[in-house]
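# Observations on chain architecture
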Amino acid sequence: MRKEEAKWQKVLWIVFMLLFSITATAVAAYIYGNSLRDICLLLIVVTAGCAGVVFALIQSDICGVLHYDNGAHYVRFVTFVIGITASCLLPMLPDSGWAFPAIALALTLFANTATGLMAYAVILGICIYFSNGSVLIFLMYFLIGCLFAILFERLDEDYKTGVPIFVAMMIYSVIMLARIVFRSYGTIEFEAFMVPVINLFITFLFVLAVLRFYCAVVIDREKGRFLEINDQEFELLSKYKGENPQLYYNAIHTAYFAEKAARLFYMDVDVAKNGGYYHKIIANECKKEDKSLEEICRLYRFPDKAVKLLQEYNYKSEFIVMKETAVVYLADAVVSSIMYLLEKDENKEVDFVQLATAVLKRKIDSGVLNHSNISVSELCGMEKLFTGEKLYYDFLRRE
């Protein structure tokens, strides 16, 4: 598992990106025969643009708005260096052969939309300058890049990319075809389609490669992290089995119900199960270590969605919005009530089904879930789930 980059590593990557971008642009400008005056003006503009990109990246990191865990891995934004290299080489090809949309997609995925598109504008501007292209060409490629970036802005865990790829490539193809037709002045030759068709094919392959790489290093990696921290032998969870058995078993039973409910209603099972395990343990850990929830989560490298659930559950200033948080909240309410009664007198006869129904009704009527995305039908399903667990309640009594 790749660890979070240290601050000095992030600084090193930023310095490398700046130096490489400025140097590569200067060398390319010299090779393309620009005058010293033009090179100096170009470098001033490029330096300002690159500085703006770096500022956007750092600011997004500080504000926590970079996609997934990109803020912990600046090395992923090395795609900016690849883009600068492409902007210096692609002017040697006709402008209909530039595979820029794939670069826009990569920049967006490995940072966020604002930072990625700003970097894309700098890269595209350099290429247009070296090719003596028109403003129309810049607008065409920039808007197409925006389209690709927005369509794939947030890939979900199911990796559903079929429709976005189809829509993006279809629009790109129509624009390229229209450009050929309007440039032909009534006489369309077969050769005019060769470079655009090759460009479309290469762009498609590059997009697939970017998505596959992103899935491998980000989405699958996050799933792998959930597998680790959702293991009952994970250090943060297992140590409470000896230190605080009541808190430990509350976590185990809450996670059981949360996972079952999440599967039943097609929610994010990993997030719900994680919330079931750590909704109270994380609060106890914060008190014990005198650290904030975010610091504890960062220490154990909790995924962003897991952190969001724990914040919604533990912070009174946060509304419960996520469906998974609502499931954990209701599951904990039922489990805690049952464990409390059993702790007072484990031999006492208790109608657990009636108790679960009453607890759920009280929690729903309290209005805590008024801002939640969970639907009424899902809440009714939760009631059926808890009232159908008679055997599990007997297991709780014998435990």
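Residues numbered from 1 in each chain as written. Predicted model: local features only at pLDDT ≥ 70, side-chain atom pairs only at ≥ 80, totals over all residues. Heavy atoms only, no water.

### Topic: the overall build of the protein
A tally of regular secondary structure across the protein gives 19 helices and zero strands. For 399 residues, the compact-globule formula gives about 21 Å, and the C-alpha radius of gyration of the protein, at 27 Å, lies well above that figure. Taken along its principal axes, the extent of the C-alpha atoms in the protein is 90 × 50 × 35 Å. Counting the 399 residues in the protein, one finds 49% classified as buried. Within the protein, contacts between residues at least 6 apart in sequence are counted, and of these 74% link residues at least 24 apart. Here the protein displays about 20200 Å² of accessible surface, and carbon together with sulfur accounts for 64% of that area. (Helix = DSSP H or I, 4+ residues; strand = E, 2+ residues; numbered from the N terminus. Rg over C-alpha atoms; globule rule 2.2 N^0.38 Å. Buried < 20%, exposed > 50% of the residue type's maximum accessible area, 1.4 Å probe, protein only. Contact = heavy atoms within 4.5 Å. Areas by Shrake-Rupley, 256 points an atom, 1.4 Å probe, with all protein chains shown as cover.)

### Some words on the nonpolar core
Grouped together as the largest cluster of nonpolar side chains are 61 residues, with contacts concentrated most on Phe 77, Phe 80, Phe 100 and Tyr 141. If you list the elements that add at least two residues to this core, you get helix H1 (7–31), helix H2 (36–63), helix H3 (79–89), helix H4 (100–109), helix H5 (113–131), helix H6 (135–151), helix H7 (162–184) and helix H8 (191–229). At nine residues, H5 tops the list of elements feeding residues into this core. Excluding residues that lie within four positions of it along the chain, Phe 77 makes contacts with Met 17, Val 53, Leu 57, Leu 107, Phe 110, Ala 111, Thr 115 and Ala 119. In this structure, Ile 229, Leu 247, Ala 333 and Ala 356 belong to the second largest nonpolar core, which totals 60 residues. (Core = buried A, V, L, I, M, F, W, Y, C linked by side-chain atoms within 4.5 Å.)

### Focus: a nonpolar patch on the surface
Side chains of Ile 198, Phe 201, Ile 202, Phe 204, Leu 205, Phe 206 and Leu 208 sit close together on the surface and give an oily, nonpolar patch of about 610 Å² of accessible area. Assignment of secondary structure puts Ile 202 in helix H8. (Patch = residues over 30% accessible without salt bridge, like charges linked within 9 Å, V, L, I, M, F, W, Y side chains within 5 Å. Salt bridge = Lys/Arg side-chain N within 4 Å of Asp/Glu carboxyl O.)

### Some details on the pattern of salt bridges
In total, this model carries 14 salt bridges according to the counting rule given. Here Asp 268 makes a salt bridge to Lys 305, at a shortest N to O gap of 3.7 Å. Note that Asp 268 is positioned in the loop between helix H11 (245–264) and helix H12 (269–278) and Lys 305 in helix H15 (residues 304–314), a separation of 37 residues in sequence. We classify Lys 305 as partly exposed; its relative accessible area is 31%.

### Side note on the side chain of Ser 337
Looking at where Ser 337 falls in the secondary structure, it is placed in helix H16 (residues 323–344). For Ser 337, a relative accessible area of 18% puts it in the buried group. Once residues within four sequence positions are removed from consideration, Ser 337 is found in contact with Leu 355 and Val 359.

### A word on the packing of aromatic side chains
If you walk through the whole model with that rule in mind, you get 20 aromatic pairs. Look at Tyr 256 and Phe 257: their rings are 5.1 Å apart centre to centre, the planes differ by 75°, and that puts the pair in the edge-to-face class. Relative accessible area serves as the criterion here: at 28%, Tyr 256 is assigned to the partly exposed category. With 6.2 Å between their ring centres and 70° between their planes, Tyr 277 and Tyr 278 make a pair best called edge-to-face. As far as burial versus exposure is concerned, Tyr 277 and Tyr 278 are alike and both buried. In this structure an aromatic cluster arises from ring pairing among Trp 98, Phe 100, Tyr 120, Phe 138, Tyr 141 and Phe 142. (Phe/Tyr/Trp six-rings, centres within 6.5 Å; stacked < 30°, edge-to-face > 60°.)

### With respect to unusual backbone geometry
Backbone geometry places Asn 132, a non-glycine residue, at a positive phi of 55°. Within the fold, Asn 132 resides in the loop between H5 and H6. A positive phi is found at Arg 301, a non-glycine position, where the angle reads about 55°. By the secondary structure assignment, Arg 301 is in the loop between helix H14 (293–299) and H15. Residue classification places Arg 301 among the partly exposed residues on the basis of a relative accessible area of 29%.

### Here we look at the packing of H1 against H3
Think of two packed helices as two axes; the pair is described by the angle between the axes and how far apart they sit. Where H1 meets H3, the axes come as close as 10 Å, and the angle between the chain directions of the two elements is 5°. Between H1 and H3, the angle falls in the class roughly parallel. Contacts between H1 and H3 involve Phe 16, Met 17, Phe 20, Ser 21, Ala 24, Thr 25 and Ala 28 from the first element and Phe 80, Val 81, Ile 84, Thr 85 and Cys 88 from the second. A per-class count over the contact of H1 with H3 returns nine nonpolar, three polar and no charged. (Axes fitted to C-alpha atoms, helices over the stretch in contact; angles between N-to-C directions. Parallel < 35°, antiparallel > 145°, perpendicular 65-115°, else oblique. Nonpolar A, V, L, I, M, F, W, Y, C, P; charged D, E, K, R; others polar.)

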